[in-house]
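# Breakdown of the fold
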Amino acid sequence: MPRLFDPLKLNALTLPNRAVLAPMTRVSAEPEGMANEMMRDYYQAFAEGGFGMLITEGIYTDTAYSQGYFNQPGLATEAHRDSWVPVVTAVHQAGAAIVAQLMHGGAQTQGNIHHARHVAPSAVQPDGRQLSFYGGEGPYATPAEMTETEIQEAIEGFVQAARHARAAGFDGVELHGANGYLLHEFMSAEFNQRTDRWGGDYKARLALPLEVIRAVRDAVGADFVVGMRLSQGMVTNSRLKWDGGVEAARDRFVTLAGAGLDYLHVTEYDASAPAFDGGPSLAAIAKECVSIPVVANGGIATGAQAEALLERSEAELLAIGKAALANHDWPIRVREGIGLTEFDYDMFSPMATLSNELGWRGTHGRSATRNG
Ligand SMILES: Cc1cc2nc3c(=O)[nH]c(=O)nc-3n(C[C@H](O)[C@H](O)[C@H](O)COP(=O)(O)O)c2cc1C
């Protein structure tokens, strides 16, 4: 039975343990999308805190319609690429791997310095209001249905961003197919109403993610990690469920994994809750049908919860979000039996400043509080 502090081989990498930093948007980049020193210090703190692998915040992929938030970092240009080098170097020096999450905002876009136009598979307006936390205001725009040319440009954007990630020294890329952004929208019955080759039943709606996986794999080669994140819920509607239940979920996982992925990252509000009406969790469904590692995410706050998912064989890796914001050194604390600081919504600052705000550095032996 694997334990939390057992190593894991992931393509050419050997991760020192199973604790992964979940991707979290920080809106802390320069206005033009360059990563900066604040972000370097922020990611370095999690690497020093014992996480074996960090997944970055969602990074936009092209200078057309992919940017989702103002001050979101990019990997669309050479300047973006170069700005990540100090971040990646600092994380590597602290002993962790780092994977760039590649994200196209799709219909959930609320801030793009390159274009005012919003695009998505179909002209379906997301529910609810933009996230004020990330500088949004009012309802979401109704996006334009993407043309074939725009779809090809979006695919090329993922490819170019993956090349830039590799050149900047990242260990891999995670394709963001979750939380309601573009790749998720293409897989979604609600958001993809196309009648061309990119739409149809749940299998047909996998066409764009499959194309992106294959194109990215071709571009980065066999020895670079390529993962994908999947969820049922969206930022704009957390209650959505995939159509087709467990059987179709299995088929999705097997089909996507078979296109060239090294891992599947599955996120739900509670990683261990039944995915549909009763039955196994989404992570357990994935784990049972694919041979690549599964990363589970959602509501994992303690070492005991993480170990339980490993023991029940629902995942190989555990991604920690809010509990990591409260404890940049979550893995060290768990391993050494040091008390964890409970997450509270005061820590929900969108900025990459928590390590300093929490007085994190050198506090392993003490209980870190917001005021240090
Ligand atoms: C502040 C914040 C920003 C987030 N940004 C992203 C993101 O950029 N990409 C992504 O896939 N998920 C994002 N998420 C979702 C988290 O990765 C994670 O799924 C969620 O917090 C639930 O896990 P947890 O219970 O461990 O926090 C974000 C979550 C938070 C709290």
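Residues numbered from 1 in each chain as written. Predicted model: local features only at pLDDT ≥ 70, side-chain atom pairs only at ≥ 80, totals over all residues. Heavy atoms only, no water.

## Points about the UniProt feature "domain: NADH:flavin oxidoreductase/NADH oxidase N-terminal" (unreviewed entry) in the chain
Put simply, the rule reads: UniProt positions are given in the numbering used here, feature names are shortened, and annotations may be inferred rather than shown by experiment. A run of H or I in DSSP becomes a helix once it reaches four residues, and a run of E becomes a strand once it reaches two; helices and strands are each numbered from the N terminus.
With numbering aligned to this structure, UniProt lists the feature "domain: NADH:flavin oxidoreductase/NADH oxidase N-terminal" (unreviewed entry) at residues 4-338. A helix fraction of 33% and a strand fraction of 18% characterise residues 4-338, whose end C-alpha atoms lie 16 Å from each other.

## Considerations on helix H7 (residues 282-289)
This is how the line gets drawn: Each residue is assigned to one of three classes by its accessible area relative to the maximum for its type, calculated with a 1.4 Å probe on protein chains only: buried under 20%, partly exposed between the two thresholds, exposed over 50%. A contact between two residues is defined here by any heavy atoms of the two lying within 4.5 Å.
Counting buried residues along H7, six of its eight residues qualify, which places the element largely inside the surrounding structure. Turning to H7, its buried residues are Leu282, Ala283, Ala284, Ile285, Ala286 and Lys287. Summarising the contacts, the buried residues of H7 are in contact with strand E9 (225-234), helix H6 (245-258), strand E10 (263-267) and strand E11 (294-297).

## A few points about the site of the ligand
What counts, and what does not: One heavy atom within 4 Å of a molecule or strand is enough for the residue carrying it to be called near that molecule or strand. Polar contact criterion, stated in full: a pair of N or O atoms within 3.5 Å, where within protein one must be able to donate a hydrogen and the other to accept it, and residues adjacent in sequence count only if both atoms are side-chain atoms. To measure how exposed things are, a 1.4 Å probe is used in the Shrake-Rupley method; for residues, cover is taken only from the protein chains shown. Grid spacing is 1 Å over the protein atoms alone, the probe is 1.4 Å, and a cavity is where that probe fits but cannot get out, while a pocket is an open set with protein on both sides within 12 Å along at least five of seven lines and lining residues have an atom within 4 Å of a point. Put plainly, a molecule is in a cavity or pocket when over half of its atoms are within 2 Å of the grid points there. Three classes are used, and their members are as follows: Ala, Val, Leu, Ile, Met, Phe, Trp, Tyr, Cys and Pro are nonpolar, Asp, Glu, Lys and Arg are charged, and the others, Gly among them, are polar.
Around the ligand sit 20 residues in total, of which Pro23, Thr25, Arg229, Asn297 and Gly299 are the nearest. Interatomic distance of 2.7 Å between a backbone N/O atom of Lys322 and an oxygen atom of the ligand. For the ligand, whose accessible area on its own is 610 Å², the fraction buried by protein is 88%. Using a 2 Å cut-off from the grid points, one finds that the ligand occupies the largest pocket. Tallied by class, residues from the shell around the ligand come to six nonpolar, 10 polar and four charged.

## A look at the side chain of Gln101
Residue placement: Gln101 occurs in strand E5 (residues 97-103). The buried category is assigned to Gln101, whose relative accessible area is 3%. A distance of 3.3 Å separates a polar side-chain atom of Gln101 from the backbone nitrogen of Gly58.

## Brief notes about the packing of aromatic side chains
For clarity, the cut-off: Aromatic rings from Phe, Tyr and Trp, with only the six-membered ring used for Trp, were paired whenever their centres fell within 6.5 Å, and each pair was classed as stacked if the ring planes differed by under 30 degrees, edge-to-face if by over 60, and tilted otherwise. The criterion for a charge sitting over a ring is simple: Lys NZ or Arg CZ within 6 Å of the ring centre, and within 35 degrees of the ring normal.
Following the criterion strictly, the structure yields 10 aromatic pairs and no others. Taking 6.5 Å as the distance between ring centres and 80° as the angle between the ring planes, the aromatic pair formed by Tyr69 and Tyr181 counts as edge-to-face. With Tyr69 in the loop between strand E4 (53-60) and helix H2 (78-93) and Tyr181 in the loop between strand E8 (172-179) and helix H4 (182-187), this pair connects stretches of sequence that are 112 residues apart. Assessed through its relative accessible area of 1%, Tyr69 is described here as buried. An aromatic cluster is present here, built from Tyr42, Tyr43, Phe46, Phe51, Trp84 and Phe170 joined pairwise through their rings. It is Arg117 that lies over the ring of Tyr65; its NZ or CZ is 5.6 Å from the centre.

## Some words on the environment of Gly111
With respect to the secondary-structure elements, Gly111 resides in the loop between E5 and strand E6 (119-120). The class of Gly111 is buried, set by a relative accessible area of 3%. Placed 134 residues apart in sequence, Gly111 and Gly245 show a C-alpha to C-alpha distance of 34 Å. Not counting chain neighbours up to four residues away, the residues in contact with Gly111 comprise Gln67, Gly68, Tyr69 and Phe70.

## Digging into empty space enclosed by the protein
Selection criterion: Grid points are joined across faces, edges and corners, and a volume is the space filled by probe spheres set on the points.
Under the definition given, this model contains two cavities of 30 Å³ or more. Quantified by volume, the largest cavity comes out at close to 30 Å³. Surrounding the largest cavity, Asp62, Ala64, Tyr65, His104, Met146, Glu150, Glu153 and Ala154 form its lining. A per-class count over the lining of the largest cavity returns four nonpolar, one polar and three charged.

## Thoughts on the pattern of salt bridges
Here is the rule: Throughout this description, the term salt bridge denotes a Lys or Arg side-chain nitrogen within 4 Å of a carboxyl oxygen of Asp or Glu.
Scanning the entire structure with this criterion turns up 17 salt bridges. Across the pair Arg205 and Asp243 runs a salt bridge, and its minimum N-O distance is 2.9 Å. Highlighted residues: Arg205 in the loop between H4 and helix H5 (207-220) and Asp243 in the loop between E9 and H6, separated in sequence by 38 residues. Close ionic contact of Lys287 with Glu316 constitutes a salt bridge, the shortest N to O distance being 3.2 Å. Highlighted residues: Lys287 in helix H7 and Glu316 in the loop between helix H8 (303-311) and strand E12 (317-320), separated in sequence by 29 residues. In terms of burial, Lys287 and Glu316 fall into one category: buried. Overlapping salt bridges, with partners in common, bring together Arg205, Asp243 and Arg252 in one network.

## A word on the layout of surface pockets
Roughly 1500 Å³ of volume is contained in the largest pocket. Residue lining of the largest pocket: 49 residues in total, with Asn179, Thr267, Tyr269, Asn297 and Lys322 positioned closest to the centre. Listed by contribution, the elements that provide at least two residues to the lining of the largest pocket are E5, E8, E9, E12 and helix H9 (322-326). With five residues, the single largest contributor to the lining of the largest pocket is E9.

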